[in-house]
Amino acid sequence: MFGTGLLKGLGVTLKHFVETFTDDRAEVPSRYRGSLDLDDKHRIIHQPVDEEGLFTIQYPEEKRLLPERFRYIPMLIWDTEKGEDRCTACGICAKVCPPQCIWIVRDSDENGKPITRPAEFYIDAAVCMSCSFCAEFCPFDAIKMDHDYELAVYERYPQLVYDLDELTVPVEYYAALWPTQYAAEEERRRKEEAEKAAKQAAKAKAAAAKAKAKPAGEKKQRSPEEIAELKRKAQERAAAAKKKAAGGGGDDAAKKARMEELKRKAMERAKKRQSGE
Ligand code: SF4
Ligand code: SF4
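These numbers come from a predicted model, not from an experiment. (Residues numbered from 1 in each chain as written. Chains lettered and ligands numbered in written order. Predicted model: local features only at pLDDT ≥ 70, side-chain atom pairs only at ≥ 80, totals over all residues.)

(A) Spotlight on the overall build of the protein chain. Looking only at helices and strands, one finds 8 helices and 10 strands in the protein chain. Taking all 277 residues of the protein chain together, 11% fall into the buried category. Across the protein chain, contacts joining residues at least 24 apart in sequence account for 62% of those joining residues at least 6 apart. (Helix = DSSP H or I, 4+ residues; strand = E, 2+ residues; numbered from the N terminus. Buried ≥ 20, exposed ≤ 12 C-beta atoms within 10 Å, placed from the backbone. Contact = placed C-beta atoms within 7 Å.)

(B) Layout of the sheet that holds strand 1 (residues 36-37). Pairing within the open sheet is mixed, and its 3 strands lie in the order 1-2-3. Lying at the two open borders of the sheet, with one neighbouring strand each, are strand 1 and strand 3 (62-64). Relative to strand 3, strand 2 (residues 43-45) runs parallel, the two sharing 3 bridges. Paired with Ile-45 across the two strands is Arg-64, which belongs to strand 3. (Pairing = 2+ DSSP bridges.)

(C) How the structure looks around the nonpolar core. If you look at the biggest cluster of nonpolar residues, it comprises 21 residues, and the most contacted ones within it are Leu-76, Cys-93, Ile-123, Cys-134, Ala-142, Ile-143 and Leu-167. Only strand 4 (74-79), strand 7 (114-124) and helix 5 (171-177) provide two or more residues apiece to this core. The greatest single-element share of this core, amounting to 4 residues, is contributed by strand 4. What Ile-143 contacts, discounting residues up to four positions off in sequence, is Pro-74, Leu-76, Cys-87, Cys-93, Cys-134, Ala-135 and Cys-138. (Core = buried A, V, L, I, M, F, W, Y, C linked by C-beta atoms within 7 Å.)

(D) Structural view of the sheet that holds strand 7. Strands sit in the order 6-7-9 across an open sheet of 3 strands; the sheet is antiparallel. This sheet does not close on itself; its edge strands, each paired only once, are strand 6 (102-108) and strand 9 (161-162). In this sheet, strand 7 lies alongside strand 6 in antiparallel orientation, the contact comprising 6 bridges. From the neighbouring strand, Ser-108 faces strand 7, where its bridge partner is Pro-114.

(E) Structural context of the site of ligand 2. As a matter of local geometry, ligand 2 sits amid 14 residues, with Cys-97, Cys-128, Cys-131, Phe-133 and Cys-134 nearest to it. Looking at the shell around ligand 2, its residues break down into 12 nonpolar, 2 polar and no charged. (Near = placed C-beta within 6 Å. Nonpolar A, V, L, I, M, F, W, Y, C, P; charged D, E, K, R; others polar.)

(F) Region of interest: the site of ligand 1. Taken together, Cys-87, Thr-88, Ala-89, Cys-90, Gly-91, Ile-92, Cys-93, Ile-104, Cys-138, Phe-140, Ala-142 and Ile-143 are the residues near ligand 1. Residues that form the shell around ligand 1 fall into these classes: 10 nonpolar, 2 polar and no charged.

(G) Quick look at unusual backbone geometry. The linkage connecting Tyr-59 with the following residue, Pro-60, adopts the cis geometry, with an omega of 10°. On the secondary structure map, Pro-60 appears in the loop between strand 2 and strand 3. Following Tyr-157, the chain continues into Pro-158 via a peptide bond in cis, with omega recorded as 0°. Secondary-structure assignment places Pro-158 in the loop between strand 8 (143-145) and strand 9. With a phi close to 55°, Gln-100 is a non-glycine residue in the positive phi region. On the secondary structure map, Gln-100 appears in the loop between helix 2 (92-96) and strand 6. Here the phi dihedral of Ser-132 falls at roughly 75°; this positive angle occurs in a residue that is not glycine. Within the fold, Ser-132 resides in the loop between strand 7 and helix 3 (133-137).

(H) Region of interest: the pairing of strand 7. Between the end of strand 6 and the start of strand 7, which pair antiparallel, lie 5 residues, with Gly-112 showing a positive phi angle near 85°. Of the pairings in the sheet, the one linking strand 7 to strand 9 comprises 2 bridges and is antiparallel in character. Considered in strand 9, the bridge of Ile-123 is made with Tyr-162.

(I) Geometry of the environment of Gln-47. Position of Gln-47 among the secondary structure elements: in the loop between strand 2 and strand 3. Exposure remark for Gln-47: the 12 C-beta atoms within 10 Å place this residue in the exposed category. Taking C-alpha positions, Gln-47 is 7.5 Å from Leu-65, a pair spaced 18 residues apart along the chain.

(J) Quick peek at the environment of Glu-52. Structurally, Glu-52 is set in the loop between strand 2 and strand 3. A tally of 15 C-beta atoms within 10 Å means that Glu-52 is categorised as partly exposed. For the pair Glu-52 and Phe-17, spaced 35 residues apart in the sequence, the C-alpha separation amounts to 9.7 Å.

The structure is reproduced here in structure tokens:
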């Protein structure tokens, strides 16, 4: 029938309209259920997956609770336990960053020798495309993605070029934003450290066993007198070899003369046989 689709569409709109009210009134489910009051005016609210009706957030008084894997601008992790940056200034993140918005200057000691920490670290937030490549490629879990998206400023430069201080956050901040990922990383780290410790213990054990077994087959230690005697013999051998080399022409002449003598005798024998003697 003409107009059926139109009526169906209007029906859907009406359903959403009614559900928008009944949802919040009846609290089945409500977007405010489990919401988090920041203060009198601000709250973080959930958007339940089974929520019906239109979903409107009164921003900025209300903000959505962001999912863990939400990502915006990178942050650098400060290891509070060790009291140092996790970043080693290896530069991998800067290499893989597609729009090339990371700059790193490696720190150096008083002799000018490079050391594994950044002296300067900049990210141009106006260029960053929130791809998270830097976080995925970092071998030290030193750079992660922050959830903070309220970054509006009046001047792009220098306000949107974040430096080391602005980018650095304590590891607890990261753990609160990314609880599942943080737990998985810590678990992996614990396993790796346990494996490393086990390997080192096995290596130490093998070295100790080798050291214990060594005395029986150990190379004999020579006394200074023995060494002097060996040296003397080696010198004698060297002198004899030298002498032989120098007299090598005489040996050759003697050999030649002997060969001539043998040849002469062989000729004589041959002549005697021919004459039938
Ligand atoms: S953040 Fe990671 S990848 Fe980037 S320089 Fe530091 S350690 Fe290397
Ligand atoms: S998130 Fe992507 S664009 Fe932004 S700094 Fe990291 S690699 Fe570069």
